[in-house]
Amino acid sequence: RENFICLCNPHLEKMKEDILYHFALGTGTHDFPALFGDVKFVCVGGSPSRMKSFIAYIAEELGLGSPGSDYPNICAGTDRYAMYKVGPVLSVSHGMGIPSISIMLHELIKLLHHAKCSNITIIRIGTSGGIGLEPGSVVITHQSVDATFKPQFEQVILGKTVIRSTDLDEQLAKELMQCSKEINQFNTVVGNTMCTLDFYEGQGRLDGAICLYNEEEKLQYLKEAYDAGVRNIEMESSVFAAMCNLSGVKAAVVCVTLLNRLEGDQISSSHDVLVEYQQRPQKLVGYFIKKRLAKV
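For the protein chain, an unreviewed UniProt entry supplies the name Uridine phosphorylase and the organism Pampusana beccarii. On record in UniProt, under Pathway (unreviewed entry), the comment for the protein chain is "Pyrimidine metabolism; UMP biosynthesis via salvage pathway; uracil from uridine (phosphorylase route): step 1/1." Quoted straight from UniProt, the Function (unreviewed entry) entry for the protein chain says "Catalyzes the reversible phosphorylytic cleavage of uridine to uracil and ribose-1-phosphate which can then be utilized as carbon and energy sources or in the rescue of pyrimidine bases for nucleotide synthesis. Shows broad substrate specificity and can also accept deoxyuridine and other analogous compounds."

Structure follows, in structure tokens:
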């Protein structure tokens, strides 16, 4: 059965050309079905360099590239986002925070629609702060919750508050968890992910330029989050889940934790340790893609 992208925008049908400005791509200048029609897996993450390293990793894992091969940035005409492709896998950077990933997702979803892609799986791979977990643990998101622990994404549209669901595909999360058990290289849990609007005060840190609460209040808040099922904190998952839901796309969030926020606020691990941590979601998702393609 072919499941195509659902575009919740009737106005697009009236447009002769669709310019994806932040990708430096457009339907009048690029053949989307030829460029992207075979895509089945889309992996997104904050850093352009990390998404380039992921595409090199997945190319080697799938036997689609030779060591040292270069993968050109499809969005080289802009410095907003970076995009790389090998075989059925598309790797795209989304920057930091809800506004940045939201812009990227609008154009990515349209790109997949114009390319006539079907049966797409989108996975955000990234880093996060953990709650009650050893650094280096990987969290597969069950639900994205806001800073009050509600599973919703709230946005003001035309002056009115619109609330959207942030549920993620339960079966996909179970499949990813099974993959982690099979590779058996690092601790992985399924839990709620808190999505905030800020890295410092919004996440209860004590080390920002402004902080008008004390350590006891911070710890109380983080423990309340833990009791609500939250196991990590980042800044993109809520709008990611909401937009994938509306577009009929199966989606997952897989993030490694760089520290345990119950024990501190600053990331103090060495560069080499952090690099190894950041490779863990890539390894898990890479194994998942290989398994889906019967290459395990």
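## Here we look at the UniProt feature "binding site: phosphate" (unreviewed entry) in the protein chain
According to UniProt, the "binding site: phosphate" (unreviewed entry) feature falls on R80, R124, I125, G126 and T127. Checked against the element boundaries, R124 lands in strand 6 (residues 121-130). Ignoring anything within four residues of it in the chain, the contact list for R124 reads V44, G45, G46, H94, I101, E234, E236, F240, A252, V253, V254 and C255. Engagement of the side chain of R124 in a polar contact is seen with the side chain of H94, the distance being 3.1 Å.

## As for the environment of I101
Turning to its location among the elements, I101 is positioned in helix 3 (residues 98-114). Along the backbone, I101 and G45 are 56 residues apart, and their C-alpha atoms lie at a distance of 9.0 Å. Excluding anything up to four places from it in sequence, I101 contacts H94, R124, E236, V239 and F240.

## Some points on unusual backbone geometry
With phi around 60 degrees, K116 is a residue other than glycine that occupies positive phi space. Exposure remark for K116: the relative accessible area of 59% places this residue in the exposed category. One non-glycine residue, N119, lies in the positive phi region at around 55 degrees. Along the chain, N119 turns up in the loop between helix 3 and strand 6.

Conventions used here
- Residues numbered from 1 in each chain as written.
- Predicted model: local features only at pLDDT ≥ 70, side-chain atom pairs only at ≥ 80, totals over all residues.
- Heavy atoms only, no water.
- UniProt positions renumbered as here; feature names shortened; annotations may be inferred.
- Helix = DSSP H or I, 4+ residues; strand = E, 2+ residues; numbered from the N terminus.
- Contact = heavy atoms within 4.5 Å.
- Polar contact = N/O pair within 3.5 Å; in protein donor to acceptor, adjacent residues only side chain to side chain.
- Buried < 20%, exposed > 50% of the residue type's maximum accessible area, 1.4 Å probe, protein only.

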